[in-house]
Amino acid sequence: MQASPNPELSVKVNAPAGAATTRENAASIPMRMRISKLNFYYGTKQILFDISMGIADKRVTALIGPSGCGKSTLLRILNRMHETVSTSRLEGEVLLDQQNILAQDVTALRRRVGMVFQRPNPFPKSIFENIAYGPRINGFKGPIADVVEKSLRNAALWDEVKDHLHKSAYELSGGQQQRLCIARALAVEPEVLLLDEPCSALDPISTAKIEELLVELKNLTTLAIVTHNMQQAARVSDFTAFVLTGQVIEFNPTPQLFTTPTDPRTEAYITGRFG
Amino acid sequence: MSARLRWRKFVSNFMLTMTGVCAVVSVAILFLILGYLVVNGGKSINWAFFTQLPKPVGEVGGGMANAIVGSAKLLLVASLIGVPVGFLGGVYLAEFSGAKVASVVRYAADLLNGVPSIVIGIFAYSMAVLPFKQFSTLAGSFALGLMMIPITLRSTEEFLGAVPRMLREGAMALGASKWKTISTVIVPAAYRGILTAILLALARVAGETAPLLFTALGNRYWSPGWGQPTASLPVMIYNYALSPYEDWHRQAWAAGLVLLGLILIINILARTILSRGIAVPRG
């Protein structure tokens, strides 16, 4: 049902090629994750205000907004990476499959909710060992080479690296390294994959490849992506949340948000009047 | 050209020359020592030096086999004491402790590192010699091991701290616990730096004399086991160089050369380790 995204960079905001071609009703899609009445603080400074939204199952949900609006913080809460900052404090509820993620074992949660970061961060190991790392630490005992191949294929990297799996991951280009990191995350078969501006350090061609990949990955997993690039959100996502100064201003199916925004601030942002 | 400009050019050239001269002087000192050792030690070094015990006073010849083995034993046990304590302490400092504890421990380690080695020797004497009424290899190792702790601790902490934060997050996002992240990603990413630092710490204590003077003492014969006084190269050099005998002076030079060779080998080993394997790119 999905058109493949246009790798050219000429996609118009009001004609999102990668987004749902039929208008999806937010109510008809089951939500894999649910955030309700979320308030978040670093020390005494409140970063997020009363956020309620969902992450649709087997879809791409984009978080857009100007720098410093809190969209990355919101994403990192979804697999509790915010806990690396000791002064952080959270109120409200985040559910994964109707279960509160804050009440779960954090390592088990992160195995189910994977993450890809702004800059490629492969481990100083071979390509093979990078992919095998996740399954191994989670006690995988089966044929690891199969998992590696499958993950690399799913990340559209297999053909480029199959002949030198035992070379250092740092010998790959930036775009390949980022796809390696996606493959590494996929190797533990996460139910949700979070991507924090995964293309911000990449060139346009690598970006196009990753965008194409994200649309493919919808068949495997649920995706949430933070991006400051509105065109990217329009190209790859099915739902978009517009975040401004720590609040979700609007959360709607992507075509609707980009063509008929309900909030004047959303319209001002997507038409380039600020940000 | 104005006088002012000429003056500035003169200052510039003068300073350039001065820095160059000082750089050459520092290198020259090293090569002077090296050359002196090679010339004097080279003349005296022979197979017997490595295989024979010291001859009684008055007899020419003999070697320092017992001191070479003694030094090796001392360094081995010193590493067994200094490396685990320093390494694990460094891991704690870099990964677990709060900023306050870390700064206190760091400061204490720096102080310990600055304690004169003779003082370490006295401390080891009162802790490991007096209670047993016995000079021993173990007491000497204890003193050297103490000296290795702060060096290992500080460098472990530094190299672990230099591992990019995003590598940690990458491992944690895959469901790795804190200890798993440290043991499978952080330490492997930093191990070459840490291992190099450990080898350099070993090289540093290998040449220490003062802490051994009244712990391992010295011995003109083989030192069986770990509970007897033992000969070691630095103490042997110290004793032989102060002696009135020509032949002993020769042997002291030879011992100096062997010690320097040993330290050189450790250094080269450290550099080889540093240049192998996968390095984490900076930035």
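The rules behind the values
- Counting restarts for each chain: residues are numbered from 1 in the order of the written sequence.
- Ligands are numbered from 1 and chains lettered from A, in the order in which they are written.
- Thresholds applied to this predicted model are a pLDDT of at least 70 for local features of residues and 80 or more for the giving and counting of side-chain atom pairs; totals over whole chains, interfaces and linings are not thresholded and use all residues.
- We count a stretch as a helix when DSSP gives it H or I for four or more residues in a row; a strand needs E for two or more, and each element gets its number in order from the N terminus.
- For the radius of gyration, the atoms used are the C-alpha atoms, and the globule rule reads 2.2 Å times the number of residues raised to 0.38.
- Here exposure depends only on C-beta density: within 10 Å of a residue's C-beta, 20 or more other C-beta atoms make it buried, 12 or fewer make it exposed, and intermediate numbers make it partly exposed, the C-beta atoms being placed from the backbone.
- By the convention adopted here, residues make contact when the C-beta atoms placed from their backbones lie within 7 Å.
- Boundaries of every domain are those given by an automatic assignment or by a domain database.
- Here the term charged refers only to Asp, Glu, Lys and Arg, the term nonpolar to Ala, Val, Leu, Ile, Met, Phe, Trp, Tyr, Cys and Pro, and the term polar to all other amino acids, Gly among them.
- Each helix should span, by expectation, one fewer than its residue count multiplied by 1.5 Å.
- Note: two strands are recorded as paired if DSSP finds a minimum of 2 bridges between them.
- Only the contacting stretch of a helix is used when fitting its axis, a line to C-alpha atoms as for every element, and angles between N-to-C directions run 0 to 180 degrees.
- Here is how to tell: hold the view so the strands point away, follow the path from the first strand over the helix to the second, and if it runs clockwise the crossover is right-handed.
- When we speak of the arc, we mean the arc of directions from the helix axis to the C-beta atoms.

1. Focus: the overall build of chain B
A count of helical and extended segments in chain B gives eleven helices and zero strands. Beginning at the N terminus, the succession of helices and strands in chain B can be written as α-α-α-α-α-α-α-α-α-α-α. The C-alpha atoms of chain B give 24 Å as radius of gyration, which overshoots the globular expectation for 283 residues (19 Å, by more than 25%). Over its C-alpha atoms, taken along the principal directions, chain B stretches across nearly 70 × 70 × 35 Å. Sorting the 283 residues of chain B into buried and exposed places 40% on the buried side. Summarising the internal contacts of chain B: among those between residues at least 6 apart in sequence, 74% fall at separations of at least 24.

2. Quick notes on the domain arrangement of chain B
One widely used convention gives an interface's size as the accessible area the parts lose upon coming together. Residue and element names in this part refer to chain B. On domain assignment, one finds that chain B holds domain 1 (3–44) and domain 2 (51–275). Each side of the interface is counted separately: domain 1 has six residues, and domain 2 has seven residues. Of the residues belonging to the side of domain 1 that touches domain 2, the class tally is two nonpolar, four polar and no charged.

3. Observations concerning the interface of chain A and chain B
On the chain B side, the residues contacting the 21 residues of chain A number 19 residues. At the level of secondary structure, the elements contributing two or more residues to the side of chain A that touches chain B comprise helix H2 (106–112), strand E6 (113–116) and helix H3 (127–137) of chain A. Of the residues belonging to the side of chain A that touches chain B, the class tally is ten nonpolar, seven polar and four charged.

4. Concerning helix H6 (residues 174–186) of chain A
All names here are of chain A. Here H6 spans 18 Å end to end across 13 residues, near enough to the 18 Å set by a 1.5 Å rise per residue. Burial within H6 is extensive, with twelve of its 13 residues counted as buried. All of the buried residues in H6 are Gly175, Gln176, Gln177, Gln178, Arg179, Leu180, Cys181, Ile182, Ala183, Arg184, Ala185 and Leu186. On its buried side, H6 packs onto E6, H3, helix H4 (144–154), helix H5 (158–161), strand E7 (192–196) and helix H7 (204–217).

5. Overview of the sheet that holds strand E2 (residues 45–56) of chain A
The pairing of strands in a sheet comes from backbone hydrogen bonds and takes either a parallel or an antiparallel form. All names here are of chain A. With respect to topology, four strands assemble into an open sheet ordered E2-E1-E4-E5, the strand pairing being antiparallel. Of all strands in the sheet, those with a lone pairing partner are E2 and strand E5 (99–100), marking the two edges. Pairing analysis gives two bridges linking strand E4 (residues 88–96) to E5, with the strands arranged antiparallel. Within the sheet, the bridge partner assigned to Leu95 lies in E5 and is Asn100.

6. Things to note about the sheet that holds strand E3 (residues 60–64) of chain A
Residue and element names in this part refer to chain A. Read from one edge to the other, the open sheet built from six strands follows the order E6-E7-E8-E3-E9-E10, with strand pairing classed as mixed. If you trace the sheet from one side to the other, it starts and ends with E6 and strand E10 (247–253), each paired once. Neighbouring strand axes in the sheet, compared pairwise and without regard to direction, differ in orientation by 15 degrees on average. The pairing of E3 with strand E8 (residues 222–226) spans four bridges and is classified as parallel. Its bridge partner being in E8, Val60 is matched across the sheet by Leu223. Along the sheet, H6 makes contact with E6 and E7, crossing E6 at roughly 170 degrees.

7. Quick notes on the pairing of E8(A)
Residue and element names in this part refer to chain A. The element E8 is extensively covered by neighbouring structure, given that five of its five residues are classed as buried. Here E8 shows no split at all, with Thr222, Ala224 and Val226 on one side and Leu223 and Ile225 on the other all buried. In this view, the connection linking E7 to its parallel neighbour E8 by way of H7 has right-handed handedness.

8. What about the pairing of strand E1 (residues 31–42) of chain A?
All names here are of chain A. By the bridge criterion, eight bridges tie E1 to E2 in an arrangement that is antiparallel. Residue pairing across strands places Met33 opposite Ile55, the latter belonging to E2. If you look at the hairpin formed by E1 and E2, you'll find two residues sitting between the two strands, and Gly43 has a positive phi there, around 65 degrees. Bridging between E1 and E4 involves eight bridges; their strand directions are antiparallel. Its bridge partner lying in E4, Ile35 is registered against Val94.

9. Comments concerning helix H5 (residues 117–129) of chain B
Residue and element names in this part refer to chain B. Regarding H5, the residues found buried are Ile120, Gly121, Ala124, Ala128 and Val129. Seen from one end, H5 has its buried residues packed into an arc of 110 degrees, which puts them on one side. Projecting away from the buried face of H5 at angles above 90 degrees are the exposed residues Val119 and Ser126. Summarising the contacts, the buried residues of H5 are in contact with helix H6 (137–161) and helix H9 (210–213).

10. Things to note about the environment of Leu269(B)
Residue and element names in this part refer to chain B. By the element assignment, Leu269 lies in helix H11 (residues 246–275). Judged by local crowding, Leu269 falls into the partly exposed class, with 15 C-beta atoms found within 10 Å. In this structure the C-alpha to C-alpha distance between Leu269 and Leu112, which are 157 residues apart in sequence, comes to 27 Å.

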